[in-house]
Amino acid sequence: MAIIPPLIREHVAIPIVDGKMSFADVGLVASALPSGYAQVTPRGSLMAYDEGHLALWERGRGSTNAELKDGTRLTVFLRRSALRQAGISSSGVVRFYGVASLHKSGAIYDEIWRRLIDAEKQQDPEKKGFGVLIAIERVEDLAGRALHEG
């Protein structure tokens, strides 16, 4: 498992400006469909869970949700100008590669919900979604340069 550097972890969640989410900064999560095509979907619930995991709240009802299972390999694409300004990534882009585990109840489910930003909780007031923990194997910039430890 890769260790996500603290400077990158602090930039994963969507920036909130004047109490509003900046949708230009939503992370994109990609998986492979059975057809071989990539399924890329925005996820406003994306967060750094700890030094080796990202997490999100999955409340979708489409093909991403239907194909998501324990062990699904995911790529997360994140663009933040702050990463460029901090000298972490010259393009401001970071890619995370990892493996999903689904949490439909229990401590991890509860913790992902607790950390979820209010704007996302309001989209799922009945908590019909579930937590997805992504064990990160690799973090890199747009040029493929490793940005992780381990």
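The following paragraphs examine the structure supplied in this document.

Calculation rules
Residues numbered from 1 in each chain as written. Predicted model: local features only at pLDDT ≥ 70, side-chain atom pairs only at ≥ 80, totals over all residues. Heavy atoms only, no water. Pairing = 2+ DSSP bridges. Helix = DSSP H or I, 4+ residues; strand = E, 2+ residues; numbered from the N terminus. Axes fitted to C-alpha atoms, helices over the stretch in contact; angles between N-to-C directions. Contact = heavy atoms within 4.5 Å. Polar contact = N/O pair within 3.5 Å; in protein donor to acceptor, adjacent residues only side chain to side chain. Salt bridge = Lys/Arg side-chain N within 4 Å of Asp/Glu carboxyl O. Buried < 20%, exposed > 50% of the residue type's maximum accessible area, 1.4 Å probe, protein only.

This next bit is on the sheet that holds strand 8 (residues 93-103). Two modes of strand pairing occur in sheets, parallel and antiparallel, and in both the strands are linked by backbone hydrogen bonds. Ordered by their spatial adjacency, 7 strands build an open sheet running 4-3-7-8-9-6-5, and the pairing between neighbours is antiparallel. Edge positions in the sheet fall to strand 4 (38-43) and strand 5 (47-50), since each has one partner strand and no second. Neighbouring strand axes in the sheet, compared pairwise and without regard to direction, differ in orientation by 35° on average. Looking at chain direction, strand 7 (residues 73-79) and strand 8 are connected through 7 bridges and run antiparallel. Considered in strand 8, the bridge of valine 76 is made with phenylalanine 96. Contacts from helix 4 (residues 107-115) reach strand 5, strand 6 (53-58), strand 8 and strand 9 (130-141) within the one sheet, and its direction differs from that of strand 5 by about 140°.

With respect to the element layout, serine 89 can be found in the loop between helix 3 (81-85) and strand 8. A polar side-chain atom of serine 89 sits 2.8 Å from the main-chain carbonyl oxygen of valine 93. Each residue touching serine 89, except ones within four places of it in the same chain, is listed here: Leu83, Arg84, Val94 and Asp141.

The subject of this paragraph is the pattern of salt bridges. Scanning the entire structure with this criterion turns up 9 salt bridges. Taking the shortest distance from any N to any O, the salt bridge between arginine 138 and glutamate 140 comes out at 3.0 Å. Residue glutamate 140 is classed as buried on the basis of its relative accessible area, which comes to 8%. The partner of arginine 145 in a salt bridge is aspartate 141, and the shortest N-O contact between them spans 3.0 Å. Arginine 145 sits in the partly exposed class, given a relative accessible area of 45%. For aspartate 141, a relative accessible area of 6% puts it in the buried group. Members of the salt-bridge network, linked through shared partners, are Arg95, Arg138 and Glu140.

Right, let's talk about the pairing of strand 6 for a bit. Among the 6 residues that make up strand 6, 6 are buried, leaving the element largely enclosed by the rest of the structure. Here strand 6 shows a buried face lined by His53, Ala55 and Trp57 and a second buried face lined by Leu54, Leu56 and Glu58. Examined bridge by bridge, strand 5 and strand 6 share 3 bridges and lie antiparallel to one another. Counterpart to alanine 48 in the pairing with strand 6 is leucine 54. Counting the residues that bridge the hairpin from strand 5 to strand 6 gives 2 residues.

This next bit is on helix 4. The set of residues buried in helix 4 consists of Tyr109, Glu111, Ile112 and Trp113. Packed against the buried residues of helix 4 are strand 5, strand 6, strand 8, helix 5 (118-121) and strand 9.

Examined against the element boundaries, aspartate 141 turns out to sit in strand 9. For aspartate 141, the side chain forms a polar contact with the main-chain nitrogen of alanine 143, separated by 3.0 Å. The residues touching aspartate 141, leaving out its near neighbours within four places in the chain, are Ser89, Val93, Arg95 and Leu147.

Of note, alanine 86 is situated in the loop between helix 3 and strand 8. The exposure class assigned to alanine 86 is partly exposed, which follows from its relative accessible area of 45%. It is 25 Å that separates the C-alpha atoms of alanine 86 and alanine 135, two residues lying 49 residues apart in sequence.

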